[in-house]
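Inside the fold
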Amino acid sequence: MTLLALAVALDLLVGDPPNRWHPVAWIGRLITLARARAPRAPEDLALYGTFLILIVAGLAAGVALVAQALLGELPGPAAPLAQAWLLKCSFSLRGLFTAVELVRGHLVARDLDGARRQVARHLVSRDTTGLEQDAVASAAVESLAENLTDGVVAPLCFYVAGTALGGVAGGLALAWAYRAVNTADAMIGYRRDELEYLGRATARIDDVANYVPARLAAAALVAGAWLVRESAEGAARVLRRDGRRTESPNAGLTMAGALGVTLEKHGHYRLGAGPPPDPAAIDRAMRVARWTAALCVGLAALALVACR
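Here is a short report on the structure shown in this document. (Residues numbered from 1 in each chain as written. Predicted model: local features only at pLDDT ≥ 70, side-chain atom pairs only at ≥ 80, totals over all residues. Heavy atoms only, no water.)

On to helix 7 (residues 133–188), then. Taking 1.5 Å per residue, 56 residues should reach 82 Å; helix 7 reaches only 28 Å between its end C-alpha atoms and comes up short. Along helix 7, the sharpest change in direction is near 145° and occurs at glycine 166. (Helix = DSSP H or I, 4+ residues; strand = E, 2+ residues; numbered from the N terminus. Expected span 1.5 Å × (residues − 1). Bend = angle between axes of the 7 residues up to and from the residue.)

The structure is reproduced here in structure tokens:
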């Protein structure tokens, strides 16, 4: 629990390290190298992709175990601080909120091109060059909600589960195994071209890994909406009604209901019922997300106490 508290404090005070020093960026480079050496035949691609994700996730967990053991040998308070930094790099609160605030700032300044660039750089992987203001704001709000699962709740869930099974070392190993799977899914887990086969195993594993965290995040988001006097009832209603409209479970459904807006990705889904979000709706979404994250960190801490 002390390690978790230190990790959250480091994240909020310091934020993420530059890409060249970030372990997630290293995982991304490894996946890029592996993709460049992939075979061409579809049946070979599927098998290659399965081995790729198993090796990358196993390597991430193994390096985390070794790093935890080496950092534990540091003198005095340096050991827990270094281990907390290792845990901190597996999730990102400040980075997520900063990315959404950048998009909001450009929209307020009526700089649509800048908002498009920021949402593409930090929040979504699709082409944003043709998005109008409503679509950019929708992408920011939906990605904020979805990334609460991928970037915060899921790593904490796996840290708690691993700690319960194997102490701090087990917690760090599982958190980093999840981070490797989720990073790979963001890079190759798509149904297009050769990725239909190369990323198939990665996408399936990511869906399974996020099954429980996504539902915990959605429940916490309903509670977060209630705490900031948004519509908890609407959040729960839209979650039930629209829960099958997306390819994988995510909290974007719940945020749409909490704010009373419609979040839409053209050609894929339309969540909620109401006007499209604007910068004011992004502000409201940020308040809900902050309380949701606080609730999830608190629940993780309580779970660790119960495990001990």
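Past the structure itself, the notes keep going.
Counted by the stated rule, this structure contains eight salt bridges. With a shortest N-O distance of 2.7 Å, aspartate 11 and lysine 88 are connected by a salt bridge. One end of the pair, aspartate 11, is in helix 1 (residues 2–14); the other, lysine 88, is in helix 4 (residues 78–88), and 77 residues separate them in sequence. Residue class for aspartate 11 comes out buried when judged on its relative accessible area of 0%. (Salt bridge = Lys/Arg side-chain N within 4 Å of Asp/Glu carboxyl O. Buried < 20%, exposed > 50% of the residue type's maximum accessible area, 1.4 Å probe, protein only.)

Turning to the side chain of aspartate 150, a few remarks are in order. Here aspartate 150 is to be found in helix 7. Summary of buried charges: aspartate 150 has no salt-bridge partner, and the nearest side chain of opposite charge, arginine 179, is 6.8 Å away. For aspartate 150, the residues in contact, after removing those within four places along its chain, are Pro155, Tyr178, Arg179, Asn182 and Asn210. (Lys, Arg positive; Asp, Glu negative; His and termini not counted. Contact = heavy atoms within 4.5 Å.)

Let us look at the environment of valine 160. Position of valine 160 among the secondary structure elements: in helix 7. The spacing of valine 160 and cysteine 307 is 147 residues in sequence and 8.6 Å in space, taken between C-alpha atoms.

Attention shifts here to the nonpolar core. What tends to happen in soluble globular proteins is that the nonpolar side chains get buried as a cluster. Of all hydrophobic cores here, the largest spans 82 residues; its most connected members are Leu4, Val103, Leu123, Leu144, Tyr159, Met255 and Ile282. At 20 residues, the largest contribution of residues to this core is made by helix 7. Beyond its immediate chain neighbours, meaning those up to four positions away, methionine 255 contacts Val141, Leu144, Ala145, Leu221, Ala285, Val288 and Ala289. (Core = buried A, V, L, I, M, F, W, Y, C linked by side-chain atoms within 4.5 Å.)

Turning our attention to the packing of aromatic side chains. Scanning the entire structure with this criterion turns up one aromatic pair. With 5.3 Å between their ring centres and 15° between their planes, phenylalanine 158 and tyrosine 178 make a pair best called stacked. Over the face of the ring belonging to tyrosine 190 we find arginine 192, whose NZ or CZ atom lies 4.6 Å from the ring centre. The aromatic ring of phenylalanine 97 is capped on one face by arginine 290, whose charged end is 5.3 Å from the ring centroid. (Phe/Tyr/Trp six-rings, centres within 6.5 Å; stacked < 30°, edge-to-face > 60°. Lys NZ or Arg CZ within 6 Å of the ring centre and 35° of its normal.)

A surface patch of nonpolar side chains, amounting to about 240 Å² of accessible area, comprises Leu30, Leu59 and Val63. In this structure, valine 63 sits in helix 3 (residues 42–71). (Patch = residues over 30% accessible without salt bridge, like charges linked within 9 Å, V, L, I, M, F, W, Y side chains within 5 Å. Areas by Shrake-Rupley, 256 points an atom, 1.4 Å probe, with all protein chains shown as cover.)

Let us now look at the environment of serine 125. Residue placement: serine 125 occurs in the loop between helix 6 (112–122) and helix 7. Residue serine 125 is classed as exposed on the basis of its relative accessible area, which comes to 57%. With 62 residues separating them along the chain, serine 125 and methionine 187 place their C-alpha atoms 8.6 Å apart.

Orientation of helix 9 (residues 200–227) relative to helix 11 (residues 252–259), taken along the N-to-C sense of each, is 15°, at an axis distance of 9 Å. Classified by the angle their axes make, helix 9 and helix 11 are roughly parallel. Between helix 9 and helix 11 lies a crossing of right-handed hand. Judged by residue contacts, Ala218, Leu221, Val222 and Ala225 of helix 9 engage Thr254, Met255 and Ala258 from helix 11. Among the residues forming the contact of helix 9 with helix 11, the class breakdown is six nonpolar, one polar and no charged. (Axes fitted to C-alpha atoms, helices over the stretch in contact; angles between N-to-C directions. Parallel < 35°, antiparallel > 145°, perpendicular 65-115°, else oblique. Left-handed = near helix turned anticlockwise from the far one by under 90°. Nonpolar A, V, L, I, M, F, W, Y, C, P; charged D, E, K, R; others polar.)

Residues Gly114, Ala115, Arg116, Gln118 and Val119 constitute the buried set of helix 6. Where helix 6 is buried, its residues touch helix 5 (94–108) and helix 7.

Keep in mind these numbers describe shape, not what the thing actually does.
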